[in-house]
Amino acid sequence: MEPKLYTAIDLGSSRVICVSGFEKTAGEIELVGVGMSTSSGVDRGSLTNPRLAADSLRLAVHQVEQQLSGPVTNAYFGVSGPGISTFNSIGSYSLPHSLSKITGQDVTRATDAACSAGIPSSTEFIHIIPSSYAVDGHWAPNPPIGEQGSKVEVKTHMVTGDSATLKTLARTAEGARIRLAALVYKPIASGVAVLRRGEIDKGVILADIGSNTTDVAVFINGSIATSFSIPVGGYHISNDLAVSLGASLSDAEDLKKNHGHAVPKLVEETELVSLRRHGETALVQVKRKLAAGLIRDRLEELFTMIARVVEQEGLSIKQPAGIVLTGGSSKLTGIADMAHAYLDIPARIGLPHANVNGRQVNDPAYSSAIGTIMWFTNPDFGDARRGLSIGQGSFSTRFKGWIREVLPV
Ligand SMILES: Nc1ncnc2c1ncn2[C@@H]1O[C@H](COP(=O)(O)OP(=O)(O)OP(=O)(O)O)[C@@H](O)[C@H]1O
Ligand SMILES: [Mg+2]
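Remember, predicted model here, so these are calculated numbers, not experimental data. Throughout this document, residue positions are counted from 1 along each chain, in the order its sequence is written. Lettering for chains starts from A, numbering for ligands starts from 1, and both go in the order in which the items are written. A pLDDT threshold of at least 70 governs which residues receive local features in this predicted model, and a stricter bar of 80 or more applies before side-chain atom pairs are shown or counted, although totals over entire chains, interfaces and linings include all residues.

*Asks:* Give me the lowdown on the environment of Ala 262, citing residues and values where you can.
*Replies:* Inspection of the secondary structure assignment puts Ala 262 in the loop between α7 (249-259) and β17 (272-276). Distance in space between the C-alpha atoms of Ala 262 and Ala 336 is 8.6 Å, their sequence separation being 74 residues. What counts as a contact here is a pair of residues whose C-beta atoms, placed from the backbone, lie within 7 Å. Leave out the neighbours within four places in its chain, and Ala 262 touches Ala 292, Ile 295, Arg 296, Leu 299, Leu 332, Thr 333, Gly 334, Ile 335 and Met 338. Secondary structure elements follow DSSP: runs of H or I no shorter than four residues count as helices, runs of E no shorter than two count as strands, and numbering proceeds from the N terminus.

*Asks:* Hey, could you go over helix α9 (residues 335-343) for me, with residue numbers and the actual values?
*Replies:* For α9, every residue scored as buried is listed here: Ile 335, Ala 336, Met 338, Ala 339 and Leu 343. Along the axis of α9, the buried positions cluster into a sector of 160°, meaning they face one direction only. Elements in contact with the buried residues of α9: α8 (288-312), β19 (323-326) and β20 (347-349). Exposure criterion: with C-beta atoms placed from backbone coordinates, a residue whose C-beta has 20 or more other C-beta atoms within 10 Å is buried, one with 12 or fewer is exposed, and one in between is partly exposed. The directions considered for the arc run from the helix axis to the C-beta atoms.

*Asks:* Hey, could you go over the pairing of strand β6 (residues 74-79) for me, with residue numbers and the actual values?
*Replies:* Counting buried residues along β6, 5 of its 6 residues qualify, which places the element largely inside the surrounding structure. Between any two strands, at least two bridges found by DSSP are needed for them to pair. Alignment of strand β1 (residues 5-11) against β6, held across 2 bridges, turns out to be parallel. Paired with Ala 8 across the two strands is Tyr 76, which belongs to β6.

*Asks:* Outline the sheet that holds strand β9 (residues 123-135), supporting the account with residue identities and numerical values.
*Replies:* Reading across from one edge, β7-β12-β9-β10 is the order of the 4 strands in this open sheet, with antiparallel pairing throughout. Every interior strand has two partners, whereas the edge strands, β7 (84-94) and β10 (138-140), have only one. Neighbour to neighbour, the strand axes of the sheet diverge by 35° on average, direction disregarded. Here 3 bridges tie β9 to β10, and the two strands are oriented antiparallel to one another. If you follow Tyr 133 over to β10, its bridge partner there is Ala 140. Inter-axis angles, ranging from 0 to 180 degrees, are taken between N-to-C directions of lines fitted to C-alpha atoms, where helices are fitted over the stretch in contact.

*Asks:* Give me the sheet that holds β19: which residues, what numbers.
*Replies:* The strand order across the open sheet formed by 5 strands is β16-β15-β14-β19-β20, and the pairing between neighbours is mixed. Taken across any chain shown, the strands that pair with only one partner, and hence form the sheet edges, are β16 (223-230) and β20. When the angles between neighbouring strand axes are averaged without regard to direction, this sheet yields 20°. In this sheet, β20 lies alongside β19 in parallel orientation, the contact comprising 3 bridges. Across the sheet, residue Leu 325 finds its bridge partner in β20, namely Ile 349.

*Asks:* Which residues make up the site of ligand 1, and what are the values?
*Replies:* Nearness is defined per residue: the C-beta atom, placed using the backbone, must lie within 6 Å of the molecule or strand. With respect to spatial proximity, 23 residues lie near ligand 1, and among them Gly 12, Ser 13, Gly 210, Gly 234 and Gly 328 are the closest. At the level of secondary structure, the elements contributing two or more residues to the shell around ligand 1 comprise α6 (234-245) and α7. Of the residues belonging to the shell around ligand 1, the class tally is 3 nonpolar, 15 polar and 5 charged. Residue-level mapping places the shell around ligand 1 at the junction of two domains, with at least three residues from each of domain 1 (5-82 + 163-194 + 352-406) and domain 3 (196-349). Classification convention: Asp, Glu, Lys, Arg as charged; Ala, Val, Leu, Ile, Met, Phe, Trp, Tyr, Cys, Pro as nonpolar; all other residues, Gly among them, as polar. Residue ranges for the domains originate in an automatic or database domain assignment.

*Asks:* Would you mind going over unusual backbone geometry in detail, with residue names and values included?
*Replies:* Unusually for a residue other than glycine, Arg 44 sits at a positive phi of about 50°. Relative to the helices and strands, Arg 44 is located in the loop between β4 (42-43) and β5 (46-47). A tally of 14 C-beta atoms within 10 Å means that Arg 44 is categorised as partly exposed. Positive phi outside glycine occurs at Asn 221, with the angle close to 55°. Note on placement: Asn 221 falls in the loop between β15 (214-220) and β16.

By themselves, these are just geometric observations and shouldn't be taken as functional.
Below you can see the structure in the form of structure tokens.
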């Protein structure tokens, strides 16, 4: 039998990434193709021109098809940004007889109740992820199947998509001759690609800092406590540099990538970088420290926003395993040191570890695409993908099991 081909696509604000792989053994994927193209038709995370977006999608897919010597016809997609919402909800179910043994069905009923919390009819569920369970008010991370009690409660994290947004994505995929197979929320995918099992057990914040969006997920006790997107990313840093230094956006982008630094005090007063001012031909010299100050200011704003949303969700920003930064903007020099000093928590860069035909792909811009393929190929995520199927070996248990088995220590 021909091995099954899996493909994942991350249609980002700045680029489209496509990765494909064949299943070697159950749940183990061998990546055999990777493609990247510049995105068009995407404005601040929204698909504003599906036809243009389809063209850029096709370019990335075409690169993979050449490596495979065969067609890609369907793919899993990551989603985030405008049109995608997340919220936590608690559902409960009272057992008909007090002190009866709790079954998987009782847990399902409590989860169903959490889902019926009234989402608009124009919205679809993408994930329903139970994170903890209570029997008569006593909370624990695992489903209480077999325990005795009179009331079961389930805390769930939900990700929903606005139907029109999801239809536009499906239409864009079709425009590139790709059938959209299923969706994963990007911060979850990035977390799957770069986190270590000890981190998600202890408590960790994942931030995928892209171009226009920062996708955040908080993992605690081996499950997901919350996730959200913030409309700030590397584009805003480049734009600040362009406006303040009087340069074009593309020159500011080059300055950021080649000479940017997130910690001004680590830059010498004497360090100068050359820059062309708008409308001028001659180069001028600007202090690298000045550029670093602008970068630091924007990052402080971003980390403040992250901390505020985490705290609004009733969680602490001071997670024991700190913050793990990934996405293209995590390549900014000094960003982990800056996050560590500013948030006063451990900080590291999370790189995906994938091997595509003998070539290492560990660029943090690929985390979400690589995590998407991992999410859809590991059988232990089965219940999570179906969302509502709870019972023996519920999502929460499997999610933790999966993380423990698959993630590096
Ligand atoms: N070496 C570098 N130093 C600093 N920033 C970098 C570097 N390389 C890339 N970036 C920034 O990374 C960003 C792109 O990251 P990424 O590829 O993760 O974005 P995306 O997924 O397309 O965007 P989004 O997630 O917002 O939809 C750009 O803002 C780019 O300037
Ligand atoms: Mg991205």
